[in-house]
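Listed below are the residues making up each chain.
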Amino acid sequence: ALNAIEKGLNITESDASNSSVGLGGIPDENGLVTLDACIMDHEYNCGSVSFLQNIEHPISVARKVMENTPHVMLSGKGAYDFAIKNGFQHTNLLSTESYQKWLEWKAESEKKLPKINHENHDTIAMITIDESGHIAAGCTTSGWAYKLHGRVGDSPIIGAGIYVDPDVGAACATGMGEAVIRICGTHAVVEQMRNGLSPDEACQVVIERVKKSNKDLKDLQVGFIAMNI
Ligand code: ASP
């Protein structure tokens, strides 16, 4: 299950035509592509990287954090140094297209942050279950386009971007990370399943919580996927 998460997410991380993940990701306000990712297995092991730059496969680095260190989360330069030490290559992730778009955005007088919605955003999150009943989840993103330098979203946060409980199931989130973090979104979905709700019902309950906890719903999109075991 864990290998499927890593290898599956690696495909999108290398796909320059997806401008919300890894290579070709839309940069932050300073024109830098900064990445968030995390992974969790069926034994409460988890690993995460946030604010990582110049590494094509943040989900694989997150897995190394999980498997090779006593920590859960590495961030920024520390995550980059760890990746290089573990054999990952320094890679320029800013595609010509994303750079051009960023230049156009930079030249605008208003410099509005684009909405995070299904028309212009495509973070990938994944849940897998294998023959032995092991469940795993992962998530990888370049985050909110033109975000403030240093912004970290929900995607590298265990309990927000993803959560796995081997006795219950797993959930992943996408959309406006700030709204997911505020309610510990995926942990909330898993807890609803623990209380007997189906994955569908659990997601609906937590979406209602998102609606209740945000005053302005106009440009807000949040989505969950969930699987029980
Ligand atoms: N959740 C991601 C973030 O806020 C974005 C997304 O899912 O598209 O960084």
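Everything below is about the structure printed above this text.
The following refers to the structure shown. (Residues numbered from 1 in each chain as written. Predicted model: local features only at pLDDT ≥ 70, side-chain atom pairs only at ≥ 80, totals over all residues. Heavy atoms only, no water.)

Spatial ordering of the open sheet is given by S6-S7-S8, a layout of three strands whose pairing is antiparallel. Only two strands of the sheet have a single neighbouring strand rather than two, namely strand S6 (162-165) and strand S8 (222-228). Ignoring which end each strand starts from, the neighbouring axes of this sheet average 10 degrees apart. Relative to strand S7 (residues 169-175), S6 runs antiparallel, the two sharing four bridges. Residue pairing for S7: tyrosine 163 is matched across the bridge by alanine 171. (Pairing = 2+ DSSP bridges. Helix = DSSP H or I, 4+ residues; strand = E, 2+ residues; numbered from the N terminus. Axes fitted to C-alpha atoms, helices over the stretch in contact; angles between N-to-C directions.)

According to the stated counting rule, one finds nine salt bridges in the structure shown. Residue glutamate 178 is joined to arginine 151 by a salt bridge in which the shortest nitrogen-to-oxygen separation is 2.8 Å. Here arginine 151 lies in the loop between strand S5 (135-141) and S6 and glutamate 178 lies in helix H5 (residues 177-182), a separation of 27 residues in the sequence. (Salt bridge = Lys/Arg side-chain N within 4 Å of Asp/Glu carboxyl O.)

Now for the packing of aromatic side chains. Applying the stated criterion across every chain yields a total of two aromatic pairs. Relative to tyrosine 146, the ring of tryptophan 105 has its centre 4.4 Å away and its plane inclined at 15 degrees; by these criteria the two rings are stacked. Pair noted here: tryptophan 105 is in helix H4 (residues 96-107) and tyrosine 146 is in the loop between S5 and S6, with a separation of 41 residues, a long-range link. Under the relative-accessibility criterion, tyrosine 146 is labelled buried at 7%. (Phe/Tyr/Trp six-rings, centres within 6.5 Å; stacked < 30°, edge-to-face > 60°. Buried < 20%, exposed > 50% of the residue type's maximum accessible area, 1.4 Å probe, protein only.)

Look at helix H1 (residues 2-13): 16 Å from first C-alpha to last across 12 residues, which is about the 16 Å you get at 1.5 Å a residue. All of the buried residues in H1 are Leu2, Ile5, Glu6, Gly8, Leu9, Asn10, Thr12 and Glu13. Residues of H1 that are buried sit in contact with strand S1 (35-40), helix H2 (58-68), strand S4 (124-129) and S5. (Expected span 1.5 Å × (residues − 1). Contact = heavy atoms within 4.5 Å.)

Here we take up the sheet that holds S4. Spatial ordering of the open sheet is given by S3-S2-S1-S5-S4, a layout of five strands whose pairing is mixed. In the strand order of this sheet, the two ends are held by strand S3 (73-75) and S4, each with one partner. The mean inter-strand angle of the sheet, taken between neighbouring strand axes irrespective of direction, is 5 degrees. As judged from the five bridges shared by S1 and strand S2 (residues 46-52), these two strands associate in the antiparallel manner. Looking at the pairing, isoleucine 39 lines up with glycine 47 of S2. Of the strands in this sheet, S1, S4 and S5 are in contact with H1, which crosses S4 at around 155 degrees.

We now examine the packing of helix H6 (residues 185-194) against helix H7 (residues 199-213). For any two helices packed against each other, one specifies the crossing angle of their axes together with the interaxial distance. Two elements in contact, H6 and H7, have axes whose closest approach is 8 Å; the angle formed by their N-to-C orientations is 135 degrees. Classified by the angle their axes make, H6 and H7 are oblique. Remark: the crossing between H6 and H7 carries right-handed chirality. Contacts between H6 and H7 involve Gly185, Ala188, Val189, Gln192 and Met193 on the former and, on the latter, Pro199, Ala202, Cys203, Val205, Val206 and Arg209. When grouped by side-chain class, the residues that make up the contact of H6 with H7 number eight nonpolar, two polar and one charged. (Parallel < 35°, antiparallel > 145°, perpendicular 65-115°, else oblique. Left-handed = near helix turned anticlockwise from the far one by under 90°. Nonpolar A, V, L, I, M, F, W, Y, C, P; charged D, E, K, R; others polar.)

This part is about the packing of H1 against H2. Running from N to C, H1 and H2 point in directions that differ by 150 degrees, and their axes come no closer than 8 Å. The angle between H1 and H2 falls in the class roughly antiparallel. Residues Leu2, Asn3, Glu6, Leu9, Asn10 and Glu13 of H1 form the contact with H2, whose own contacting residues are Pro58, Ile59, Ser60, Arg63, Met66 and Glu67.

The nonpolar side chains of a soluble globular protein tend to be buried with one another. Counting 33 residues, the largest nonpolar core has Ala137, Ile162, Val189, Val210, Val222 and Phe224 as the members making the most contacts within it. Listing elements by their share of this core, those giving two or more residues are S1, S5, S6, S7, H5, H6, H7 and S8. For valine 189, the contacting residues outside a window of four places in its chain are Ala171, Ala202, Cys203, Val206, Phe224 and Ala226. Judged by nonpolar contacts, the second largest core, of 22 residues, contains Leu9, Met66, Phe82 and Phe88. (Core = buried A, V, L, I, M, F, W, Y, C linked by side-chain atoms within 4.5 Å.)

By themselves, these observations are geometric and do not establish any function.
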